[in-house]
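Take a look at the letters that make up each chain.
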Amino acid sequence: MTEMHGMNGENETTTGRTKPAAPTLTAPTPALLAALIFLVALNLRPAIAAVGPVLVRIGSDLDWGEGTLGMLGAMPLWAFAAVSPLVRFVTARIGANRTILAALLVLSIGCVVRSFCGPAGVWLGTLAVGAGIAAGNVLVPVVAKRDYEKHLPLAVGAYSACITAGSAIAGLTSASLADWLGGWRGALAAWAVPAVVVAGLWTARVIRDRTDIEGADHTTEHTTEFTAEHATDAISEQPARTRPQIEVGVHQDTPQHTGHDTEAAIHVSHPSEGTPLWRRPMTWWVTMFMGLQSAAFYTMCNWLPAVASAAGFDDAAAGVHLFVFQSLGILSGLLIPALMRVHGDQRCAALVSSLPMVIAGTGWMLLPHLSLLWSVIGGMGQGAALVVALTLISLRGSTPTETVALSGIAQSIGYLLASVGPLAFGALAELTGGRWTAPLILFTTLAVAQCGIALLAGRDA
């Protein structure tokens, strides 16, 4: 979808009236401001990943069993499911950049409430944390696609690496922060600080939006007409192989600039636009892939330290296993784009990123004393699978607006599916007296299902 603000020059018509030239495309976001999206991505996991290493401490302090702790691990995913489909409505109202700013502030407030407002605050704060992250989950791929359209796979790999890095750092430092700050409350509240800092930096993008909008409104005061010819001229600037078909609604009045940074001045029609997203099979394959890879990641983020401890490792070693599981996703996330177009689609990348979790789940179940090895293998899979899932969302949306809608569906229903992972894992552990065999059988079964879905979601629509 194309955004246009302002007019360049004027042409004389045969009637003597002034006819404005074709409107120019919106000026690209400056590189420094565009790069802030990667700092946002750094904040999309730490507030959740920091919980796993101190989960046992939370349970001891609040007298909660594995089943209740499993609910705590699933709650951010429930927030993702509830909030994700609403993000596009907020974005349409105030713009993507303002929505991201609000999300960062909600995230930081949630971190504080979760830590210092009693048992009820744990639940409410966790919901707020999930809501803030949900908005970022939906909008980061959209903003990255808009700002890095010519380098999309690289951009997806970069912001996915940032997401993974934030998660790994939180997992590694959470237990130590709890020791230094007097308990799990301080360790979890600490993650409000980077969110506030990035919110302050992101304000520069919001200010730039306002400046651009005011400048565009001032320029269009002298506009007398906006014609179909102008729309055609604007689209003709795009490469022919990616040029969509245009469905133009001509208005003789001046184009209105709403200030919504994901809105377009014209409607662009694509071949798939006639079919609603929810009626396209590909929407559901992408959604299921998103949900299953998220289930694997969040299950291990919450329970890997407990599984490693049960295998005989101390808390420090278990924390290292979690760090390895999370941090190796950075490398695999940067490597997987090389497989994104094997045989012309994403099936190879999706399957290669899914198989390691089957191996890791089987290994944790049968040979738990090799937990570090399974953390390495599983970590390589989870990072690559996240990049594949986010890339599929970006590629399967034919316009920015449709990408937002698809992202909302995939992350809403997908995260609802993902919540089964940590919730059922904890419940099965409690039902079996703290034994991990049954939970790991479920984990491995979900990983096998992810491999099957990968072959369907990876096909070009």
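Residues numbered from 1 in each chain as written. Predicted model: local features only at pLDDT ≥ 70, side-chain atom pairs only at ≥ 80, totals over all residues. Heavy atoms only, no water.

Explain the overall build of the protein chain to me, please; I cannot follow it from the model alone.
Of regular secondary structure, the protein chain possesses 18 helices and six strands. Of all 461 residues assigned to the protein chain, the portion counted as buried reaches 53%. A separation of at least 24 residues holds for 79% of the contacts in the protein chain among residues at least 6 apart in sequence. Carbon together with sulfur atoms contributes 66% to the accessible area of the protein chain, which is approximately 19100 Å² in total. (Helix = DSSP H or I, 4+ residues; strand = E, 2+ residues; numbered from the N terminus. Buried < 20%, exposed > 50% of the residue type's maximum accessible area, 1.4 Å probe, protein only. Contact = heavy atoms within 4.5 Å. Areas by Shrake-Rupley, 256 points an atom, 1.4 Å probe, with all protein chains shown as cover.)

What is the right way to read the packing of aromatic side chains from this model?
The description of two aromatic rings rests on the distance between their centres and on the angle between their planes. For the structure on display, the rule yields 12 aromatic pairs. A centroid spacing of 6.5 Å and a plane angle of 20 degrees characterise the contact between Phe297 and Phe325, whose relative ring orientation is stacked. Residue Phe297 is found in helix α12 (residues 281-310), and its partner Phe325 is found in helix α13 (residues 315-335); the two are separated by 28 residues along the sequence. Just as Phe297 is buried, Phe325 falls in that class too. Three or more aromatic residues joined by ring pairs form one cluster here, namely Phe80, Phe297, Tyr298, Phe325, Trp364, Tyr415 and Phe443. (Phe/Tyr/Trp six-rings, centres within 6.5 Å; stacked < 30°, edge-to-face > 60°.)

I'm lost on unusual backbone geometry in this one. Help?
Most peptide bonds are trans, and most residues other than glycine sit at a negative phi. For Asp63, which is not a glycine, the phi torsion comes out positive at approximately 60 degrees. Its place among the elements puts Asp63 in the loop between α4 (55-62) and α5 (66-94). In the Ramachandran plot, His343 falls in the positive-phi region, its phi being about 60 degrees despite a non-glycine side chain. Note that His343 resides in the loop between α13 and α14 (347-366). With relative accessibility at 74%, the residue His343 sits in the exposed group.

Just to check I follow, could you spell out the environment of Met380 for this structure?
Here Met380 shows up in helix α15 (residues 371-396). Take Met380: its relative accessible area is 27%, and that puts it in the partly exposed class. Taking the C-alpha atoms as reference points, Met380 and Leu328, 52 residues apart in sequence, are found 5.4 Å from one another. Those residues in contact with Met380, other than ones at most four positions away along the chain, are Leu328, Leu331 and Ser332.

Before we go on, may I ask you to explain the side chain of Ser371 in this structure?
Summarising the element assignment, Ser371 is placed in helix α15. In this structure the side chain of Ser371 is engaged in a polar contact, spanning 3.1 Å, whose partner is the side chain of His321. With sequence-adjacent residues up to four places away left out, Ser371 is seen in contact with Leu304, Ala308, Phe313, His321 and Trp364. (Polar contact = N/O pair within 3.5 Å; in protein donor to acceptor, adjacent residues only side chain to side chain.)

Just to check I follow, could you spell out the confidence of the model for the protein chain for this structure?
Caution is warranted with low-pLDDT regions, since their predicted coordinates should not be read in detail. With 80% of its residues at a pLDDT of 70 or more, the protein chain shows a mean pLDDT of 80. A low-confidence stretch, residues 1-25 (pLDDT under 50), is modelled with 77 contacts involving residues beyond four sequence positions or located in other chains. In the model, residues 214-271 has pLDDT below 50 throughout and makes 101 contacts with residues more than four positions away in sequence or in other chains. (pLDDT = per-residue confidence, 0-100.)

Before we go on, may I ask you to explain α12 in this structure?
Taking 1.5 Å of rise per residue, the 30 residues of α12 would be expected to cover 44 Å, and the 42 Å separating its terminal C-alpha atoms lies within 8% of that figure. Largest kink in α12: about 55 degrees, centred on Trp303, with the proline Pro305 one to four residues after it. A large share of α12 lies buried, amounting to 24 of its 30 residues. (Expected span 1.5 Å × (residues − 1). Bend = angle between axes of the 7 residues up to and from the residue.)

Would you mind going over the nonpolar core with me for this structure?
Of all hydrophobic cores here, the largest spans 108 residues; its most connected members are Ile58, Tyr159, Trp202, Phe289 and Trp364. For this core, the element with the highest residue contribution is α12, accounting for 15 residues. The residues contacting Tyr159, other than those within four sequence positions of it, are Phe38, Ala41, Val140, Pro141, Ala144 and Leu390. (Core = buried A, V, L, I, M, F, W, Y, C linked by side-chain atoms within 4.5 Å.)

Explanation requested: the pattern of salt bridges in the structure shown.
Oppositely charged side chains are able to pair whenever their charged atoms sit close together. The tally for this structure, following the rule as stated, stands at six salt bridges. We note a salt bridge from Asp147 to Arg205, for which the minimum N-O separation is 3.1 Å. In this pair, Asp147 is assigned in helix α7 (residues 118-147) and Arg205 in helix α10 (residues 192-219), connecting sequence segments 58 residues apart. Connected through shared salt-bridge partners, Arg146, Asp147 and Arg205 make up one network. (Salt bridge = Lys/Arg side-chain N within 4 Å of Asp/Glu carboxyl O.)

Quick question: what am I supposed to make of the packing of helix α17 (residues 420-431) against helix α18 (residues 437-457) here?
Helix packing for two helices is described by the angle between their axes and how far apart those axes are. For the pair α17 and α18, the least separation of the axes is 8 Å and the interaxial angle reads 155 degrees. Between α17 and α18, the interaxial angle falls into the category roughly antiparallel. When you trace α17 past α18, the crossing you get is right-handed. Taking contact as the criterion, the partners of Ala424, Phe425, Leu428 and Ala429 in α17 are, on α18, Ala438, Pro439, Leu440, Leu442 and Phe443. The residue inventory of the contact of α17 with α18, partitioned by class, reads nine nonpolar, no polar and no charged. (Axes fitted to C-alpha atoms, helices over the stretch in contact; angles between N-to-C directions. Parallel < 35°, antiparallel > 145°, perpendicular 65-115°, else oblique. Left-handed = near helix turned anticlockwise from the far one by under 90°. Nonpolar A, V, L, I, M, F, W, Y, C, P; charged D, E, K, R; others polar.)

Which parts of the structure should I look at to understand empty space enclosed by the protein?
Rolling a probe over the atoms, with the probe sized like a water molecule, indicates the empty space that remains. What the rule picks out here adds up to seven cavities of 30 Å³ or more. Taken as a whole, the largest cavity encloses approximately 90 Å³ of empty space. What lines the largest cavity is a set of 13 residues, among which Val51, Leu72, Pro76, Arg114 and Thr126 lie closest to the centre. Looking at the lining of the largest cavity, the elements with two or more residues in it are α3 (46-49), α5, α7 and α9 (184-189). It is α5 that provides the largest number of residues to the lining of the largest cavity, a total of three residues. In terms of residue class, the lining of the largest cavity is built from nine nonpolar, three polar and one charged. Approximately 80 Å³ is the volume found for the second largest cavity. (1 Å grid on protein atoms, 1.4 Å probe; cavity = no way out; pocket = protein on both sides within 12 Å on 5 of 7 lines; lining within 4 Å. Points joined across faces, edges and corners; volume = space filled by probe spheres on them.)

What exactly am I supposed to notice about the environment of Lys145 here?
The residue Lys145 is located in helix α7 in this model. We classify Lys145 as buried; its relative accessible area is 18%. Considered as a pair, Lys145 and Thr391 are 246 residues apart in the sequence and their alpha carbons are 9.6 Å apart. Beyond its immediate sequence surroundings of up to four residues, Lys145 is in contact with Leu152, Ser394, Gly397 and Thr403.

Looking at this structure, how should I read a nonpolar patch on the surface?
Among the surface-exposed residues, Leu39, Leu42, Val193, Val197 and Leu201 lie close enough to one another that they form a single nonpolar patch of about 380 Å² accessible area. The greatest single-element share of the nonpolar patch, amounting to three residues, is contributed by α10. Mapped onto the elements of the fold, Leu42 is located in helix α2 (residues 36-42). (Patch = residues over 30% accessible without salt bridge, like charges linked within 9 Å, V, L, I, M, F, W, Y side chains within 5 Å.)

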